[in-house]
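As a plain string of letters, each chain reads:
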Amino acid sequence: MASNKIQFRSIHELQDPTLTKRLAQKEFHDEIPVDEIRSGDKNSPVNTTRRDFLKLLGFSTAAVTLAACEAPVVKTIPYVVKPHDVIPGVANYFASTYFDGADFASVLVKTREGRPIKIEANPAANELGKTNARAQASVLSLYDNDKVKQPKLNGKDETFDKVDDEVLKALNNAGTSGKKIVVLSHSFASPTFKKLFGDFKTKYPSAELVTYDALPHAANLDAAQEVFGQRALPVYDLTNSELVVSFQADFLGDFNAQSLESSYAAARVPGENMLEHIQIESNLSLTGANSDTRIPLKPSAVNKLLVEVYNGLNGGTSDKVAADLVKRLQEKGNKAVVLADGSKAAIVLSHLINQKLNSTAFTGKANFLKEFDGARYQEFLGWMNAGQVGVLIANNVNPIYSSNKGEDFKKALSKVGFVMSFSEKKNEMYDASKVVIPVANWLESWGDIAPQTGAYSLMQPTIQKIFKPRQLEESLLVWINGKGSELNNYYDYLKTNATALLGATPFNQALYNGFNAGGVATTLAYAGGNAAQAVADLGNFKASEFELKLYTKTAIGDGTQSNNPWLQELPDPISRLSWDNYLTISPADAKTLGLSNDLNGRMQLNGDLVTLTAGNVKLENIPVFIQPGQAQGSLGLALGYGKKSSGKVAATGINAYPLFDGNNLVVTNVKIEKTGSGHEFAGMQLQNTVMGRYDIAKEVSLADFINVPFNDPKNGWNKPIEYHTITGQATAARKIDLWNSYDDTDGPHFNMSVDLNACTGCGACVIACQAENNVPVVGKDEVRMSRDMYWLRIDRYYSAVRKIQPAEAVAEGLDVPGMYGHAFDKESGILNHPADNPDVIFQPVMCQHCNHAPCETVCPVAATSHGKQGQNQMAYNRCVGTRYCANNCPYKVRRFNWFTYNLNDKFDYNQNNDLGRMVLNPDVVVRTRGVMEKCSMCIQMTQQTILEAKKDGRKVEDGEFQTACSKACSTGAIQFGDMNDKSSHVRKLFASNRRYILLEEIGTKPNVFYHTKVRNRKENKV
């Protein structure tokens, strides 16, 4: 079927049709610095060409031998007594729980010789075992060289013995004087910790536990308290839903302390009952990018529409868009669900709508991961200001940074008799504390979490403590029982309490499982909700010229791991920018205000800087990014950036927390003023040209998918590519070969399936690949130079209905709605600018492992070759860096090592220090300067699977073959397997009529194939 849509990757590509050609010409920005390898007089002219460079270096093994002579000699000491469970070269896996106060997942931790090197999902935990990008990257945070390394007293290094003396003295003084002892902690849904604090309060009756979170989900908790009568978040499951309408709820991101990715993907399988997703929002969020229909509105208009939808379900509405939504909701009944975010009133209305619909997406289970209580916290601030707090123990929280009243909090600390903090990094709380104890990383800790109804997850250390940290729980035991007591072993305390919670399950078995049934049995049921008050509150939300929507990015979240370079370099799935937060603005508003994003001669993106003012808060020098799909009159700014004293990486960006009141994510009456200065962005979207071809991210409407044969000669939506020969006969592209085929039926032959319908763009696969394959961090400057080293990227494509001139529209007899589109479905209007509200497609692209690989034929030293299992292989010690293979790769997936990234002061990230290099996977070589590298389809993992099966004397079962990206994908978008196994899942996927090959027309015959994206909406064809 002829497409009436256009695809573009940026506004600049939309505006400049010649951009692709210029990008292709700029594919490699710099020549090889051959002058650096020449010897002789430095004053002599350098005229060395690439051909001369190859002559100098030679195509023999001499250069490789020379390089090998420079390898360092490393002396090793063998085990005197080898641990029985450690076999050199064999990985160990431990079930544990990732919890850092912000995110949760039941996981498996891969260790090598006592070093955690990789995080994987725990399949026993189902949706609670799914890992996001932050969970995958958390292993690197363990090896953060900027961490506080030992206890501090008055700013100086001290022993725990001396520190405990000071703390015990302060605790006793506070108890004697009748002052409060406050433990200020992030949400901590640990039954054992709660019991332990009860013991602490018995010892010190004036002790109080107060919760503080940087991103507290306060509005969600307040709404739950009103509607369900319990301060716990509802758990949703979209598996059986057929319609979800979301008002600002980024439910594939950080909404409601629970990502719905897994059940969302399960409901989005194309078919008669495929979930339809309608998103009403201001910023183009990850959830909005995955929607079928997206309505961009400024926050005040979103609130108004939500009220109209509620009114329509409970009487009637005159609003046409709301009436359409109400009709759809009523048609789907209990298979529909409404989600909302941004304010308590909006969330209350969404709960009441779901109650009226009797939505099956509401499971009745409760999520306990967030515990913030605004009234309780305000009471605590009152204690501090009144001088009633004798001891404050802060558990890895920093209200000075993450609160809009940070300076007031700092002043109140001066009225506290004794301030101590458990800190991971040097920060404002570190500076304000008399005693500082390094907080133990979750990979160094014992613990338990009851994340939701009927779930209980255990945490165990997978490495000896690297420096001198101590858990809060260990410290409380010391302060309860005194120094040197036999009762100060937190493992014993945990085991005793967990055994009581586990019932018949032995503790060791539960520890082996990681995730278990048990915990808290609390469920939620509708018990109240003041709809009139919610409607009034939303009605009182007055519109202003510009309204700011605060949000969290997929990588950085609330900023807990902002000093993690893997996360800082991970491109934002929407903007494709890294190492930055920025003010997003619509193209129309940017034009009105004279703000621009420009490409320089190297095709690098630059933007204006502005000053943002909201009430008494002024943020200066914020870069502006013009975001397609941003609602006019709205702005967006990410939280979690700008930690100026928490490490060299965390200092990136602007701190937006001074704008956040802890409840509402929307700020009104915002004013912006252009400063006249510019900002340099580091982007990854424009550098990969894919040879100027655009029909690579395919999409089809659900109606056509169901009713039109995919290979229909006229309207087929996935017609096989054919070539017409001189005889006039059409021949399928897959049957045309320039080379003779070889036998690939002996042993496994690997294929990978990528489903564009299931890929949400979350980036977990990118971080998993980086961790598994030792992919280096290159930094903002090198990313800006298009020198990122990622083996896997997720391309983001915008698509929109083609634009025609008004005269053409009149000639075609289109009326005004046909030209400009219905308010409910603006994509139908062919005169709307494509950047106003484009669709989005996410497409993971890695080496396609072509059976007829263009890279293999042009390598002059045979450094890249084809393996019998279908993998395109690299022999790094043969590669001399000609880059011919990269020039000849149509998918642009090969990376050239411009520098030695390890032990190089220019790249002061994890591979530049001994601690950071502990995360490296010893099964994968660390590449050096001057060679090409790219996805290996995790050959080390596939070979390990084959060897394990061979050792056991059995065949490899379907599902055992995995790659880092396929194991990390929480939606099942990436599937991997053996095509020679006739019963394999990947072979069944290959038979799907949605399957297509990326750039099939060029005859590379990849072992990676894709599945067309299906949109569940009625398409207006023009």
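Residues numbered from 1 in each chain as written. Predicted model: local features only at pLDDT ≥ 70, side-chain atom pairs only at ≥ 80, totals over all residues. Heavy atoms only, no water.

For the rest of this paragraph, the subject is the overall build of the protein. Across its full length, the protein holds 33 helices and 44 strands. Relative to its full complement of 1022 residues, the protein shows a buried share of 59%. The long-range share in the protein, meaning contacts at least 24 apart out of those at least 6 apart in sequence, stands at 74%. Accessible surface, the protein: about 40700 Å² in total, of which carbon and sulfur atoms supply 51%. (Helix = DSSP H or I, 4+ residues; strand = E, 2+ residues; numbered from the N terminus. Buried < 20%, exposed > 50% of the residue type's maximum accessible area, 1.4 Å probe, protein only. Contact = heavy atoms within 4.5 Å. Areas by Shrake-Rupley, 256 points an atom, 1.4 Å probe, with all protein chains shown as cover.)

Counting buried residues in strand β13 (residues 336–340) gives 5 out of 5 residues, a clear majority hidden from the surface. Burial along β13 is two-sided: the residues Ala-336, Val-338 and Ala-340 and Val-337 and Leu-339 are all buried.

Here we take up the packing of helix α14 (residues 374–385) against helix α16 (residues 406–413). For the pair α14 and α16, interaxial distance at closest approach is 8 Å and the crossing angle is 45°. With respect to their mutual orientation, α14 and α16 come out oblique. For the element pair α14 and α16, the recorded crossing hand is left-handed. Counting all contacts with α14, which are made through Tyr-377, Phe-380, Leu-381, Met-384 and Asn-385, the residues of α16 involved are Phe-409, Ala-412 and Leu-413. For the contact of α14 with α16, a count of residues per class yields 7 nonpolar, 1 polar and no charged. (Axes fitted to C-alpha atoms, helices over the stretch in contact; angles between N-to-C directions. Parallel < 35°, antiparallel > 145°, perpendicular 65-115°, else oblique. Left-handed = near helix turned anticlockwise from the far one by under 90°. Nonpolar A, V, L, I, M, F, W, Y, C, P; charged D, E, K, R; others polar.)

Quick look at the pairing of strand β26 (residues 617–626) now. As judged from the 3 bridges shared by strand β23 (residues 583–585) and β26, these two strands associate in the parallel manner. Considered in β26, the bridge of Ile-585 is made with Ile-626. If you look at the hairpin formed by strand β25 (residues 605–614) and β26, you'll find 2 residues sitting between the two strands, and Gly-615 has a positive phi there, around 65°. (Pairing = 2+ DSSP bridges.)

This next bit is on the nonpolar core. Within soluble globular proteins, side chains that are nonpolar tend to cluster in buried spots. Core analysis: the biggest nonpolar cluster contains 210 residues, and Phe-200, Phe-247 and Trp-479 have the highest contact counts within it. If you tally residues by element for this core, the top one is helix α13 (residues 344–357), at 8 residues. Ignoring any residue separated from it by four or fewer positions in sequence, one finds Trp-479 in contact with Asp-164, Val-167, Leu-168, Leu-171, Phe-200, Lys-203, Tyr-204, Ile-393, Met-420, Phe-422, Ile-437 and Arg-470. Of all hydrophobic cores here, the second largest spans 29 residues; its members include Leu-215, Ala-590, Ile-654 and Ile-672. (Core = buried A, V, L, I, M, F, W, Y, C linked by side-chain atoms within 4.5 Å.)

For helix α21 (residues 531–539), every residue scored as buried is listed here: Ala-531, Ala-534 and Leu-538. The buried residues of α21 occupy an angular sector of 60° when projected down its axis, which confines them to one face. On the buried face of α21, the contacting elements are α11 (299–313) and α13. Regarding α21, its N-cap is Asn-530, as a side-chain oxygen of that residue lies 3.3 Å from the backbone nitrogen of Ala-532 further along. (Arc of directions from axis to C-beta. Polar contact = N/O pair within 3.5 Å; in protein donor to acceptor, adjacent residues only side chain to side chain.)

With 13 residues, helix α12 (residues 320–332) extends 19 Å between its outermost C-alpha atoms, agreeing within 8% with the 18 Å of an ideal straight helix rising 1.5 Å per residue. Residues of α12 that are buried in the fold lie against β10 (243–247), β11 (276–281), β12 (293–296), α11, β13 and α13. N-cap assignment for α12: the residue whose side-chain oxygen lies 3.1 Å from the backbone N of Val-321 is Asp-319. Positive backbone phi, at 60°, marks Gly-333, one or two positions downstream of α12. (Expected span 1.5 Å × (residues − 1).)

This paragraph deals with unusual backbone geometry. Of note, the phi angle at Asn-154 is positive, near 55°, even though the residue is not glycine. Here Asn-154 lies in the loop between β5 (152–153) and β6 (156–157). Residue Cys-938 is not a glycine yet carries a positive backbone phi of 45°. Looking at the element boundaries, Cys-938 is found in the loop between β40 (932–933) and α31 (939–952).

So, on to the sheet that holds strand β34 (residues 750–755). Strand order in this open sheet of 4 strands is β41-β34-β43-β42, and the pairing throughout is mixed. Of all strands in the sheet, those bounded by a partner on one side alone are β41 (974–978) and β42 (995–996).

The next point concerns the side chain of Ser-187. Checked against the element boundaries, Ser-187 lands in the loop between β7 (180–185) and α7 (191–203). A distance of 2.4 Å separates polar atoms of two side chains, one belonging to Ser-187 and the other to Asp-213. Among the polar contacts listed, one links the side chain of Ser-187 to the backbone nitrogen of Glu-371, at a separation of 2.9 Å. Contacts of Ser-187, omitting those with residues within four sequence positions, involve Phe-99, Gly-101, Thr-211, Tyr-212, Asp-213, Leu-369, Lys-370, Glu-371 and Phe-372.

Across all of its chains, the model carries 32 aromatic pairs by this definition. Among the aromatic residues, those joined into a cluster by ring pairs are Tyr-212, Phe-372, Tyr-377, Phe-380 and Phe-409. The ring of Trp-383 is capped by Lys-180, whose NZ or CZ atom sits 4.6 Å from the centre of that ring. (Phe/Tyr/Trp six-rings, centres within 6.5 Å; stacked < 30°, edge-to-face > 60°. Lys NZ or Arg CZ within 6 Å of the ring centre and 35° of its normal.)

A few words on the sheet that holds strand β18 (residues 447–449). Sheets are built from strands paired through backbone hydrogen bonds, the pairs being either parallel or antiparallel. Ordered in space as β18-β19-β20, the 3 strands form an open sheet in which the pairing is antiparallel. Because the sheet does not close on itself, it has two edges, and the strands there are β18 and β20 (515–517). Sheet twist, expressed as the mean angle between neighbouring strand axes with direction ignored, is 25°. Bridge analysis of strand β19 (residues 455–459) against β20 gives 3 bridges, and the strand direction is antiparallel. Looking at the pairing, Ser-457 lines up with Phe-515 of β20. Running over the sheet, α7 touches β18 and β19 and is turned about 115° from β18.

Within the structure shown, the criterion is met by 0 disulfides. The thiol of Cys-935 is not disulfide-bonded; the next cysteine sulfur, from Cys-847, is found 5.6 Å away. Of the residues examined, Cys-935 reaches a relative accessible area of 11% and is grouped as buried. (Disulfide = S-S within 2.5 Å.)

For the rest of this paragraph, the subject is the pattern of salt bridges. Summed over all chains, the structure comprises 41 salt bridges. Among the salt bridges present, the one from Asp-914 reaches Arg-917, with a minimum N-O distance of 2.3 Å. Through salt bridges that share partners, Lys-180, Glu-208, Arg-376 and Glu-379 make up one connected network. (Salt bridge = Lys/Arg side-chain N within 4 Å of Asp/Glu carboxyl O.)

Everything listed here is a matter of coordinates, which is why it stays silent on function.
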